[in-house]
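So you can see what is in the structure, the chains are spelled out below.
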Amino acid sequence: MTAIYRALVDPLVAPLLRKAQRGRHADGPAAPTGVGLALGGGFARGFAHLGVLQVLEENHVPISCIAGTSVGSILGAAYASGVPLARIIAVCRNIRFKDFARWRISRLGLASNDRMAGLVHDVFNTKTFESLLIPTAIVATDLGTGDPVVFQHGNLADAVRASCAFPGLFEPVRIGTRCLADGGLVAQVPTQAAREMGSGCVIGVSVGFNNWDSSAPTNLFQVVARSISAVQKHQTQSWESFADLVLQPDVQSIDWDDFSRADEAIAAGVFVARQALPRIWTLLERSASILEETFSWEPGSTLLQEVIVR
């Protein structure tokens with residue numbers, strides 16, 4: 001195992017490598033040194049993302065960046081802000097719909113997710129993208145153009161609210177001149193955003209909305225959700241093509257608003273991530289080999305000495 005690979009699997013050393021790479025290639029982006037996580041939407045099912053993060057953290061798998069859509073944006077950004085995973089899980093176990101939304105029937109939606117801003121301010125360790133410990137991208141949909149909007153700078157609460165504004169349920173969120181809605185409309189799992197952040201190894205986590213059990217929808221939300229999911233069902237190739245690995249926790253029996261089943265969703269994420277660990281290490285080793293060939297440091301260089309000492 002090479003010195004570069006040892007550094008890659010040690011999150012304490014990864015920042016050193018990124019710093020050195022920026023110094024050697026000041027005109028270009030830093031080379032990737034870990035996993036780029038793309039966390040998809042799915043409301044309560046998205047708690048499975050926490051199980052995936054738990055396994056990666058326990059096994060010291062370095063995370064170079066996070067891209068999130070809808071619930072994936074909340075959990076990914078909270079983790080990237082430095083909130084301990086145990087605290088995020090504790091909050092999720094007790095959260096309910098009223099904690100981040102309020103019914104307010106209007107021409108544009110049945111509810112507002114403005115309370116989500118308070119949740120971000122109360123739970124996150126930082127309020128801006130620039131202060132995050134892990135580079136993060138949040139994806140929303142521009143209802144004026146139909147195009148994705150990828151946030152990487154500025155206010156976190158605004159970006160999270162926009163990414164979570166599921167059409168029909170929540171009112172769109174206005175940021176500047178844009179009218180924004182759920183990022184899942186254009187990026188069910190934001191693997192492209194993770195890839196474009198410079199990650200050499202992208203893992204997508206998909207939890208979906210529906211189980212397609214042939215039952216008829218029973219409310220307006222299900223009608224809208226299933227309509228969107230029907231379109232997404234036939235567009236998986238577009239986002240999967242940007243991923244090196246796709247994880248699909250078994251959460252299909254959990255309803256979108258069944259927040260009381262957080263532990264089940266987390267356990268499903270833990271299970272699928274543990275099963276994938278050998279593949280993840282293989283992908284990281286391959287990425288490390290490419291990194292070593294690209295930068296070709298001499299065995300006695302200062303950087304390698306620092307890596308080995310640490």
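Conventions we followed
Counting starts from 1 at the beginning of each chain's written sequence and moves along it residue by residue. With the structure being a predicted model, the display of local features is reserved for residues of pLDDT at least 70 and the display and counting of side-chain atom pairs for 80 or more, all residues being used for whole-chain, interface and lining totals. To get the side-chain values, all heavy atoms of the structure are used, and hydrogens and water are removed first. Helix and strand labels come from DSSP, where a helix needs a run of H or I of at least four residues and a strand needs a run of E of at least two; each type is numbered from the N terminus. Remark: exposure states derive from per-residue accessible area (1.4 Å probe, protein chains only) relative to the maximum for the residue type, with buried under 20%, exposed over 50%, and partly exposed in between. When two rings of Phe, Tyr or Trp (its six-membered ring) have centres within 6.5 Å they constitute a pair, described as stacked for plane angles under 30 degrees, edge-to-face for angles over 60, and tilted for the intermediate range. The term nonpolar core refers to a set of buried residues drawn from Ala, Val, Leu, Ile, Met, Phe, Trp, Tyr and Cys, joined through side-chain atoms within 4.5 Å. Here a strand pair is declared whenever DSSP counts at least two bridges between the two strands. Crossovers are marked right-handed if the path from the first strand over the helix to the second runs clockwise, as seen with the strands pointing away from the viewer. In this description, a line fitted to the C-alpha atoms serves as the axis of each element, helices being fitted only across the stretch in contact, and the angle between N-to-C directions of two axes falls anywhere from 0 to 180 degrees. Convention used here: angles under 35 degrees read as roughly parallel, angles over 145 as roughly antiparallel, angles from 65 to 115 as roughly perpendicular, and any remaining angle as oblique. Handedness of a helix crossing follows the sense of rotation of the near helix relative to the far helix, less than a right angle counterclockwise being left-handed and clockwise being right-handed. For this analysis, residues touch if any pair of their heavy atoms sits within 4.5 Å. Residue polarity follows a fixed list, in which Ala, Val, Leu, Ile, Met, Phe, Trp, Tyr, Cys and Pro are nonpolar, Asp, Glu, Lys and Arg are charged, and the others, Gly among them, are polar. Just to be clear on terms, a salt bridge is a Lys or Arg side-chain nitrogen sitting within 4 Å of an Asp or Glu carboxyl oxygen.

1. A look at the environment of Gly-144
Right, so step 1: Note on placement: Gly-144 falls in the loop between β5 (136–142) and β6 (148–151).
Right, so step 2: Look at Gly-144 and you get exposed, because its relative accessible area is 66%.
Right, so step 3: When the C-alpha atoms of Gly-144 and Cys-179 are compared, they prove to be 6.6 Å apart, with 35 residues separating the residues in sequence.

2. Quick look at the packing of aromatic side chains
Right, so step 1: The tally for this structure, following the rule as stated, stands at eight aromatic pairs.
Right, so step 2: With a centroid separation of 5.5 Å and an interplanar angle of 70°, the aromatic rings of Phe-97 and Phe-100 are classed as edge-to-face. On the criterion of helical spacing, the pair formed by Phe-97 and Phe-100 is a turn pair, its members being three residues apart in helix α6 (residues 97–100). By the burial criterion, Phe-97 is buried, and Phe-100 matches it.
Right, so step 3: Taken together, a centroid distance of 5.7 Å and an interplanar angle of 80° make the contact between Phe-100 and Phe-259 edge-to-face.

3. A look at the nonpolar core
Across soluble globular proteins, you tend to see nonpolar side chains buried next to one another.
Right, so step 1: Judged by nonpolar contacts, the single largest core of 79 residues is most densely connected at Leu-37, Phe-47, Leu-50, Phe-100, Phe-170 and Ile-280.
Right, so step 2: The biggest single contributor to this core is helix α12 (residues 262–295), with 12 residues.
Right, so step 3: Membership of the second largest hydrophobic core comes to 11 residues, among which are Ala-137, Val-189, Trp-239 and Ala-243.

4. A look at the pairing of strand β1 (residues 35–39)
Right, so step 1: Within β1, five of the five residues are buried, leaving the element largely enclosed by the surrounding structure.
Right, so step 2: Residues of β1 alternate between two faces, with Val-35, Leu-37 and Leu-39 on one and Gly-36 and Ala-38 on the opposite face, all of them buried.
Right, so step 3: Note: β1 against strand β2 (residues 63–69), five bridges, orientation parallel. For Val-35, the partnering residue across the bridge sits in β2 and is Ile-63.
Right, so step 4: The parallel pair β1 and β2, bridged by helix α3 (residues 48–58), forms a crossover whose chirality is right-handed.
Right, so step 5: One ladder, built from five bridges, connects β1 with strand β10 (residues 201–205); its direction is parallel. What sits directly across from Ala-38, in β10, is Gly-204.

5. Some thoughts on the packing of α3 against helix α5 (residues 85–94)
Right, so step 1: Two elements in contact, α3 and α5, have axes separated by 11 Å at closest approach and are oriented at 165°. Put simply, α3 runs roughly antiparallel to α5. Between α3 and α5 lies a crossing whose hand is left-handed. Of the residues in α5, those touching α3 at Leu-50, Leu-53, Gln-54 and Glu-57 are Leu-85, Ile-88, Ile-89 and Cys-92.
Right, so step 2: Partitioning the contact of α3 with α5 into residue classes produces six nonpolar, one polar and one charged.

6. Re the pattern of salt bridges
Right, so step 1: Under the criterion given, the structure shown has 10 salt bridges.
Right, so step 2: Across the salt bridge formed by Arg-274 and Glu-58, the nearest N and O atoms sit 3.9 Å from each other. Residue Arg-274 is located in helix α12, and its partner Glu-58 is located in helix α3; the two are separated by 216 residues in the primary sequence.
Right, so step 3: Taking the relative accessible area as the measure of exposure, Arg-274 reaches 48% and is therefore partly exposed.
Right, so step 4: In this structure, Glu-264 engages Arg-261 in a salt bridge whose closest nitrogen and oxygen atoms are separated by 2.8 Å.
Right, so step 5: With a relative accessible area of 44%, Glu-264 lands in the partly exposed category.
Right, so step 6: The network of salt bridges with shared partners includes Arg-195, Asp-244 and Arg-286.

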